[in-house]
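Working through the structure, step by step
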Amino acid sequence: MNEPADGIRTHCPYCALQCGMVLRQSRPGTGRRDQGAAAPVTVDAWPQFPVNRGALCGKGQSATELLNPAARLGTPLVRDGYGTALRPATWDEALERVISGIRSVQAEHGRDAVGVFGGGGLTNEKAYLLGKFARVALGTSAIDYNGRFCMSSAAAAVNRAFGLDRGLPFPLADIAETDCVLLVGSNLADTMPPALRYLTQLAERGGRLIVVDPRHTRTAARADLHLRPLPGTDLALALGMLHIALAEGHVDEDFVAARTSGFAAVRATAMEYWPARVEGLTGVPAHQIREAVRMFAQAPTGMVLTARGSEQHSKGTDTVHGWINLCLALGKVGRPLSGYGCLTGQGNGQGGREHGQKADQLPGYRSLTDPVAREHTARLWGITPAELPGPGTSAYEMLDTAGTPGGVRAMLVFGSNPVVSAPRADHVEQRLRALDLLVVADVVRSETAELADVVLPSAQWAEETGTLTNLEGRVVLRRKAVEPPARVRTDLEILSALAARLGRAEGFPADPRLVFDELRTVSAGGPADYAGISYERITEENGVFWPCPADGHPGTPRLFLESFATPDGRARMMPVHHRSVAETTDERYPLYLVTGRVLAHYQSGAQTRRVAALRAAAPEPYVEIHPSRARRLGVLEGEPVTVTSRRGTAVAQARLSTEIRPDVVFMPFHWSGPGRANTVTNPALDPVSRMPEFKVCAVRVEPVAARQAPPGGGGGAGRGRRQPGRPRETGSASAVQTL
Amino acid sequence: MGRHVRRVLVVGCGMAGARFVRRLTALNPDVRITVFDGERHPAYNRPLLTGVLAGHYRSGDIALPLPPGIELRAGVRAGAVHRATRTVIDSAGVEHGYDALVLATGSRPEQPWRHPSRPERSSAGEHRLHTLTDCLRLSEECVGARSPVVVGGGLLGVETALVLAGRGLPVTLVHQGRHLMHRRLDAKAGALLRTVLEDAGVAVRAGTSARSLTGRTGVTGVRLADSSVLAADLVVSACGTRPRVGLARRAGLAVHAGVVVDDTLRSVTDPHIHAIGDCAEHRGVVHDTAVPAWQQAEVLAARLSGHDRHARFTGARTLTRLIADRLDLAVFGEATTGVGTGTGVRGGIEGAAQTDVLCLSDDRHRVYKKIVTRNDHVVGGILLGDLSTVDTVRRAYEATEPLPPNRLHLVTELGGEG
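Quantities reported herein were computed from a predicted structural model and do not represent experimental measurements. Within each chain, residue numbers correspond to sequence positions counted from 1 in written order. Chain labels run from A onward and ligand labels from 1 onward, assigned in the order the entries are written. For this predicted model, a pLDDT threshold of at least 70 governs which residues receive local features, and a threshold of 80 or more governs which side-chain atom pairs are given and counted, while totals over whole chains, interfaces and linings are taken from all residues.

Here the focus is the domain arrangement of chain B. Throughout, the edges of the domains are those of an automatic or database domain assignment. By domain assignment, chain B separates into domain 1 (7–108 + 241–304), domain 2 (126–237) and domain 3 (320–415). If you average the C-alpha positions of domain 1 of chain B and of domain 3 of chain B, the two centres end up 35 Å apart.

The next thing to look at is the sheet that holds strand 2 (residues 20–25) of chain A. Residue and element names in this part refer to chain A. Here the rule is simple: two strands pair whenever DSSP picks up at least two bridges between them. A helix here means a DSSP run of H or I that spans at least four residues, while a strand means a run of E at least two residues long, and both kinds are numbered starting from the N terminus. A sheet is described by the order of its strands in space; here three strands give the open sequence 1-2-3, paired in antiparallel fashion. Each having just a single partner strand, strand 1 (8–11) and strand 3 (41–45) make up the two edges of the open sheet. Strand-to-strand twist of the sheet, defined as the mean angle between neighbouring strand axes without regard to direction, takes the value 40°. Where strand 2 and strand 3 come together, five bridges link them in antiparallel fashion. Its bridge partner lying in strand 3, Met21 is registered against Ala45. Axes here refer to lines fitted to C-alpha atoms; in helices the fit is confined to the stretch in contact. Angles between the N-to-C directions go from 0 to 180 degrees.

So, about the packing of helix 3 (residues 124–138) of chain A against helix 19 (residues 512–523) of chain A. Residues and elements named next belong to chain A. Across the interface, helix 3 lies against helix 19 with an axial gap of 9 Å and an inter-helix angle of 70°. The orientation of helix 3 with respect to helix 19, classified from their angle, is roughly perpendicular. Of the two possible hands of crossing, helix 3 and helix 19 adopt the one that is left-handed. Residues Asn124, Glu125, Tyr128 and Leu129 of helix 3 pack against Pro512, Val515, Phe516 and Leu519 of helix 19. Three residue categories are used. Nonpolar comprises Ala, Val, Leu, Ile, Met, Phe, Trp, Tyr, Cys and Pro, charged comprises Asp, Glu, Lys and Arg, and polar comprises the others, including Gly. Residue composition of the contact of helix 3 with helix 19, by class: six nonpolar, one polar and one charged. Roughly parallel means an angle under 35 degrees; roughly antiparallel, over 145; roughly perpendicular, 65 to 115; everything else is oblique. The sense of a crossing depends on the near helix, which, turned anticlockwise from the far helix by less than a right angle, makes the crossing left-handed and, turned clockwise, makes it right-handed. The contact criterion used here is simple: two residues whose C-beta atoms, placed from the backbone, lie within 7 Å are in contact.

Here chain B averages 92 in pLDDT, and 93% of its residues register 70 or above. ipTM for the predicted complex: 0.95, alongside a pTM of 0.93. A residue's pLDDT is the predictor's confidence in that residue, given on a scale from 0 to 100.

With that settled, the discussion passes to the packing of helix 7 (residues 234–247) of chain A against helix 10 (residues 275–282) of chain A. Helices that pack against each other are described as a pair by the angle of their axes relative to one another and the distance between those axes. Residue and element names in this part refer to chain A. Relative to each other, helix 7 and helix 10 sit at 160°, their axes nearing to 9 Å. Here helix 7 lies roughly antiparallel to helix 10, going by the angle between them. Here helix 7 runs over helix 10; the crossing is left-handed. Where helix 7 approaches helix 10, its residues Ala236, Leu237, Gly240 and Ile244 are matched on the opposing element by Pro275, Val278, Leu281 and Thr282. For the contact of helix 7 with helix 10, the per-class residue count stands at six nonpolar, two polar and no charged.

Here you go:
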C-alpha cells in the first residue's frame, strides 16, 4: 500500500471510545518503532478527532504489535480427530470442513442446531453480514453475541425507558460541560483512560464528580464523593437516593409532569427505601447518600453514567431503571448537558447491537418479532417473512446448552473468546468440547480457537476497512493501512465464501463498502437509521451520529431534547424493587468476588496478552484482598491463593490493598488457565436482558499452601476436544469441586 | 404444620402484615388470604410517620401497596380465636376458618398517665404518634402551638421534638431518666444528645417524669414529679410501646412480652398460629423496628407459600438509627457499659468474659463513638454525630468471626485496616 503523506487516519482496535489514531508505515531503516520487520507501522496522534483529541492509552499506542506475524494466526487450521492437534490446512479444505460439518448437523438435527456466536468488536458491516448469514444462509434462529455480556442490561432498560438505545445521548465532550456527574460502576481511569480528560475538565470548571463503586479505584480517587456500596446493591442505593430526593423536595415536578409517565408507581416503590434501611442494605452511610442526592440534585445540569459494575447483575436491567428513574425525577434527562448514559465497553458494542447479530434483533435496531420489521427486512433480503427465523436464545443459554439435545450441535464463533469471557467458564469449555463442529474465526489463536475443529485466520483492524459505532453513537471509519498476511482473509470474505458454498452466491458481498450500502438501506426507517451515513461523510465530519435518515440530515449528536422515542414521546419510569444478589455469602463461601478490568488489558486478553509491553505491565492475574482479611486468612502479599465458588476454583497471586472492602475480593478477568476469574463467576441471568451476574458471586479464599492438591480448571487449552475422563458438571447447585 | 396451606388469615396490616401478604402473594398466588386491618387508614409505612409530621411526605405517599386478590377487611378486628376449630370470630361476629393464622397485631403505646373516665379518648391538645391518624391530627393541631411539650425522651420522643422544633415550635422535651434515651445511651452520649437538641431549639427537662395533664377541657400543662406544672397547650406522649397480645393471650398461646415464637415464627403453643413484627417474641427479644419485621415477614411467606420450607428467622442484629437533618445517631446492643468498667482494664478472672470499651469523643463537634466488645466480638455501641464508620461497625456487630487486634478502624477512617 502506498503511504499517504499524512498516514492513514483510523481508530483503535480496542474499546468503545474508538479513539482516532494515525497509522504510518515506517520507512525501512528509519525504524521509528521497533516492531519487527514484518510490522513496520507506527501509531501517531490524530489531534483533530474529537473523542480523544490525540490522546491514546498504552493499549492503543502498542496496538500495531498485533500486526506482528508472531502474534497472530497466519493460516487456516483443522483438527483431524478427537484429541489430535490442530494442523495447518488450505482455505479450500478448511471451508469444506465447515460446510460439510454444517450440512451434516443440519441434516441430523435441523437448521437451528447450527449456532452463530458473534462479537462486539466486529465492524458494523461484519455484524450485519453475520446476522444475515445466520438467518438467510444458515436459516437458523441461533445467533447471539458476546455483547450480551457487555451492555445488554443497559440496552434493555434504555429501550424501555426512552424508546431508543444509544449508549450516550450526547457527545462524550459534553461530560466536561455539565455540573455534576454520577458515575456508577465504572473505573474509566483504567478502562478508558483517554476519557479521563473530560472528568479533569469537569473538575477544573468546578463541576462535581460522584463515584459509586465498592472499590476505591483510581477513578474513585478523583471523586468529590465516593460511595462504596456492597456489590449487588446499586439498585437499593438508587432507590434510596430517589427516596431522599422525594423527601427533600428535589423532584422536578414540572419536568415529571410534562415529559414522563409512570411516576406515581415509581414514587410508591421509592417510599420503601428510607435512609436507615438503605444504609443497612448497601453499607453506604445515610449521610453520604443524602450528600450525594443534594450534590446531584442541586447541580443545574447533571448526568448519570453507568458501566458494567452496575449492569452485570441478575438485576442489571432493573438497576439501570433505578438510575434512569432518579435522573427523570430530577429532570436531568432530555435537556442540554444532562442525561443518562451507558459507558459501552467493546469497540463496536454500540453498532454490534444494532445490526442483527443479537438473538432478537434485525438491522437498524428493529425487533425480530415485529411483523412490519420482518416484512421490511425479508423483502430486502429476497426471502419471505416466513423464511426469516424467529428469536433465538441468548448467549449464555446457547453456550450452556451446546452439544445437548435441544441445543446447538455446531457453532461458528466470530471475534469472541467465550472460553475466557463467559461465566462459569469450565462448564462453557466442556459444552464447546461437546459440539460436533466448532469453527472459530479470529485474528489470534485464542483459548476458544484451541478447542475448535476449524480455525479461520481473519484480518484485523488495520488490515481492512469498516465502520464502528462508538459509545456516543458516532459512526466512525477504520481504514485499511496494511495488507493482511497472504493466507489471511477478512471476516466478510469468509462469510461470502461460506454463503456461496451454501448456495447463496448473491447477497453476501465481501467488499465492506457494498455491505455498508446495503446496511444503510436495510436500516432505513429503523430506530438506528444509518441511511444518510456514508464513508465520505464520516471522513469529512469526523464521524456521524445516528439516527441519520437521509443524505442531507446532519446526524443526531444529542437525543431526546424535544421528546423521547416512545410512542407518546414521554420517558417511561418503571417501578423496580431491590432484590438480593443471586448467590449470597454463607459460612462456606463467606466473601464476595467482583471482577473487572485492568489498565493494560482488554476483555479476554486475547489481543493484549500478546503485546510485550502490556504483558510486562500486567503479566498475571491477581486477587485483590484487604490486608485485614488477608491476615485472617493467613495470606501474604504475592502468595498464590485459591478463589473457590460453587462452580470452580481460580488461582492467582494475592495483592493486598486497602482500596477494597474487607468483605470483598477482586479479580481481573483477562486471563485463561488456572487464573481464569470466570471459572468462578455465576451465570445467573437477568430475566429481561439475559445478562449473567458476572459482577458478584460468593467465594472463599485460601492460601494455596493450605490446600492439598494443585487446583484444576481452565487448563484445557491445546488438549483437543472431548478428553475422556473430564468431569462433567451437572448443575450449579452441585458444588462441583474439580480437585 | 400442614403442607397444604390454602387459607391464611392475617390479623393486622401494618409493616409486618402488609409485607407478609405481599410476599406470600408473589410467591404463591393460589393461597387465599384474608386480612383484618383495624386501622382507619389503609396499610402505611410506619417509620415514615415523623417524616409526614415534618412535611417530607404527604400521607398518601407512605401507603404500603397491597396485592390485588386478597380479602381485605378494613376496620375489622379479631374478636376471638378458636384453636380447636381453627376459626376466628371477627369484631362483627363473623366466623373465618384458617389453615394458618398470622398474628401481626403490632404494638400499642404506653400510657404515661391514667384516664380513668375515658381511657380511649384524648383531650384536646393531648397527642401521641403511633398511627397515621395520630400523626395527621398532631400535624394539623400543632400549628400555632405556643407551648408544645413532648413527654418521653426515647427514640420517638427525641425525633418528634426535633421535628416540632424544625417546624418552628418552641418545644420542650420532658424525660424521666437522668439523661435522654437513658435505657440505650450512656450518660456521656445522653448529655451530648441533649446539646444537639438544644442547638436545634429543643428545651430539655431530664430527670423528671410527667405525672398527669392539667386542664379540664383542653390541656393547659403537664404536672411533673415534683408537683410543679409545666405550661403546655399541646402534649405529645412518646413513652414507648408494648406488644399487642390480648388476642393471643385469650387464645391461650404462650405470651411473655410478646407472642412466643420459634425460628419458624410459629407460636410455641400452636403450630397453626404464627406471629411476626412488634407483637412477636423470638428468642426472648421483641424486635420493634421495621427491618426485622420485614425479615420475619419474608421468612414466613417463604415457608407458608411452599417456596422455601426451610426458611428460618434466626434473629436480627440491627442498629437503631436516628437520622435527621441535625442529628445522626446509631445505637445498638449493649451500649451503656461504662468506660473503665470493662474487665479488659485490668486482667479479669481467668476464663471470664472479657469486656472492653473503645471510646472517642469530640465535644465541640458533638461527636461521640463507643464500641463495647466482649471476647473480641462487638456486642454494642453508639455512634453519634459522625457515622463515617457505620458500615464497618455494622459488619463487625453482625460478624461471627473475632475482631482483629487493631480496632481503631471501628471509630475512625484513619484507623487503618477494617
